[in-house]
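Below are the chains, spelled out letter by letter.
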Amino acid sequence: MEADELEVEVCGENGAYYKAFVKRAHDGELTVAFENNWQPDLRLPYSSVRLPPPLSQTGQYEPHVDDEVEVLSHANDEEPHGWWKARLTMIKGDFFVLEYVGWEAAYNEIVTLDRMRQPNRNPPITSSTFFEARIPLPEELQEFSKDRSQHKEFKKAIGAAVVYFNEDDSSLIALSLNEQMPKLAAMLSDMHFRNLKQKIVLLSRTEEATKQLECTRLHETAGHVEEFSVREDLMGLSIGAHGANIQQARKVEGVTAIDLDEPTCTFKIYGETEKSVKKARQYLEYGEDSVQVPRSLIGKVIGKQGRIVQEIVDKSGVVRVKIEGDNEQQTHIKREEGQVPFIFVGTVESITNAKVLLEYHLAHLRVWIFGRNSVQ
C-alpha cells in the first residue's frame, strides 16, 4: 500500500484490531484491504472500523503497572499481528509483563516497549468521519478511470487519501480526512479530466506505434512471404464473417503476420516456412473461374433436380456455381460458340476441385453418348 492511503484499524472476531486501508465507501460500510494482503478485501460495517491513534500519541508513552494497554501480537504464526487488549502487571528494566484481557484462561507475555501503546480511544467511524468529493465523470473517460494509478497526481494535489471510479453512478470519488479536499477536487477536476483525455490519446498512439514496430520486426524476421490480390467484389468472401478467414489463417503454425492493403485488395502473408504461408493463403485467396459446357449436355450436367451440380459443389467446397444464360453474359467470362459457362466462385483449391469433378463428368457423358450412338 502507498504511504498516503487511508489507514484504519479493523476489529476481528477475536477482538484484536488489524491494520487495513480503505478502498471504497458504501452506505454504512467500507471495503478495506489488509496489510500484506493476508486476507481478501472485505466489506465491513462502520461499527467494525476505527481510525488509528493520532500520531501525537505515539512515542510518548511512559507505562505504569496496572495500565490498560494494547499490545502488538498474534494468536498463532498464521495470523498477522494485531492490537490486543492487555494489562501491565510488572516492569523489569526494559521489559514489561502483560496479562491479556478478555481471554478465558489467563495468559501472560513479556514484551518490549515498541510492541505496546496506550489504548486507542477512537470510536467507530461514521459517515461524517471522511470528507467526500463526488464528481460526475464523462463517459469517454470511465473505462480508463478504473485504473486508480491514473489519478495518482490528482489525489496528491487535492490531498485525498483515496480516489476511485464508482460504477454505480459513473462518478469519480475522493475521500480524505481533510475538510478542504472537496473544494480542491472541484477546482482541479476539469484540468484532471483534460489530462486523462491527453493520456488516452497518447496511449493510443503509443500502442499503434508498438504494433507497427512489432509488425515491422515480424516482417523482417519472416523467412517467406506470399503476396496476392483478390477481386474487389470477392473481398468479403476472403475476409470472412467478422474476419473469420483471416483469423483462421493467422492460426496456421509458422505464420508470423498477415497484412491487408484494402485499397488494392492485396494480402501479404509472412511466415517461417514456405509451407506455412502457402497453407494460410489457401484460406484467403478467393477467385472465379469457369468451365465451358456444351449446350446439349446442360441438362445431364445439372442432373435431376440439380443433383449432379450440387454434388460437385459439396465435394469441391466452392462457395457457389452459376450457370450463365444467353442474356446475362459477363464481360470477363469468354463464351464459346455452342457452349454455356459454368462459373465457380471459391478458394483457388476449391475451384480446381470443382473443375476436375465437372470435367470428369463431362468426359463420362461424352463416352456414354458415343457408346449410345454406336449401338444405334
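Up top is the structure.
Everything quoted here is computed from the prediction, not taken from an experiment.

Scoring rules and cut-offs
Residues numbered from 1 in each chain as written. Predicted model: local features only at pLDDT ≥ 70, side-chain atom pairs only at ≥ 80, totals over all residues. Heavy atoms only, no water. Helix = DSSP H or I, 4+ residues; strand = E, 2+ residues; numbered from the N terminus. Buried < 20%, exposed > 50% of the residue type's maximum accessible area, 1.4 Å probe, protein only. Contact = heavy atoms within 4.5 Å. Core = buried A, V, L, I, M, F, W, Y, C linked by side-chain atoms within 4.5 Å. Salt bridge = Lys/Arg side-chain N within 4 Å of Asp/Glu carboxyl O. Pairing = 2+ DSSP bridges.

(A) Inspection of the environment of Ala86 at higher detail. By the element assignment, Ala86 lies in strand E7 (residues 82-92). Under the relative-accessibility criterion, Ala86 is labelled buried at 2%. In the structure, Ala86 is positioned 15 residues away from Val101 in sequence and 4.9 Å away in space, judged by C-alpha atoms. Each residue touching Ala86, except ones within four places of it in the same chain, is listed here: Asp67, Glu68, Val69, Val71, Leu98, Glu99, Tyr100 and Val101.

(B) Layout of the nonpolar core. In this structure, Val10, Val22, Leu30, Val32 and Leu98 are the most contacted members of the largest nonpolar core, which totals 31 residues. Excluding anything up to four places from it in sequence, Val10 contacts Ala16, Tyr17, Tyr18, Ala20, Val32, Phe34, Leu44, Ser48 and Val49. In this structure, Ile298, Ile308, Val313 and Phe344 belong to the second largest nonpolar core, which totals 18 residues.

(C) Seen up close, unusual backbone geometry. If you check the backbone angles, Asp66 has positive phi at about 75 degrees while not being a glycine. Turning to its location among the elements, Asp66 is positioned in the loop between strand E5 (49-50) and strand E6 (68-73). For Cys265, which is not glycine, the phi torsion reads 55 degrees and is therefore positive.

(D) Highlighting the pattern of salt bridges. Considering all chains together, one arrives at 23 salt bridges under this definition. The partner of Lys23 in a salt bridge is Asp41, with the nearest N and O atoms 3.0 Å apart. A residue pair is termed long-range when its members are at least 10 positions apart, and Lys23 in strand E2 (residues 17-25) and Asp41 in the loop between strand E3 (29-34) and strand E4 (42-45) qualify at 18 residues. Relative accessible area serves as the criterion here: at 28%, Lys23 is assigned to the partly exposed category. On the accessibility criterion, Asp41 (36% relative accessible area) is partly exposed. Several salt bridges share partner residues, and in doing so they unite Glu226, Glu274, Lys278, Arg281 and Glu285 into one network.

(E) Geometry of the side chain of Gln339. Within the fold, Gln339 resides in strand E19 (residues 339-347). Beyond its immediate stretch of four places on either side in the chain, Gln339 contacts Gln292, Val293, Pro294 and Arg295.

(F) Structural context of the pairing of strand E13 (residues 171-176). A large share of E13 lies buried, amounting to six of its six residues. Here E13 shows two buried faces, one formed by Ser171, Ile173 and Leu175 and the other by Leu172, Ala174 and Ser176. Summarising the sheet, strand E11 (residues 131-136) and E13 pair through six bridges and their orientation is antiparallel. Of the residues in E13, the one forming a bridge with Phe131 is Ser176.

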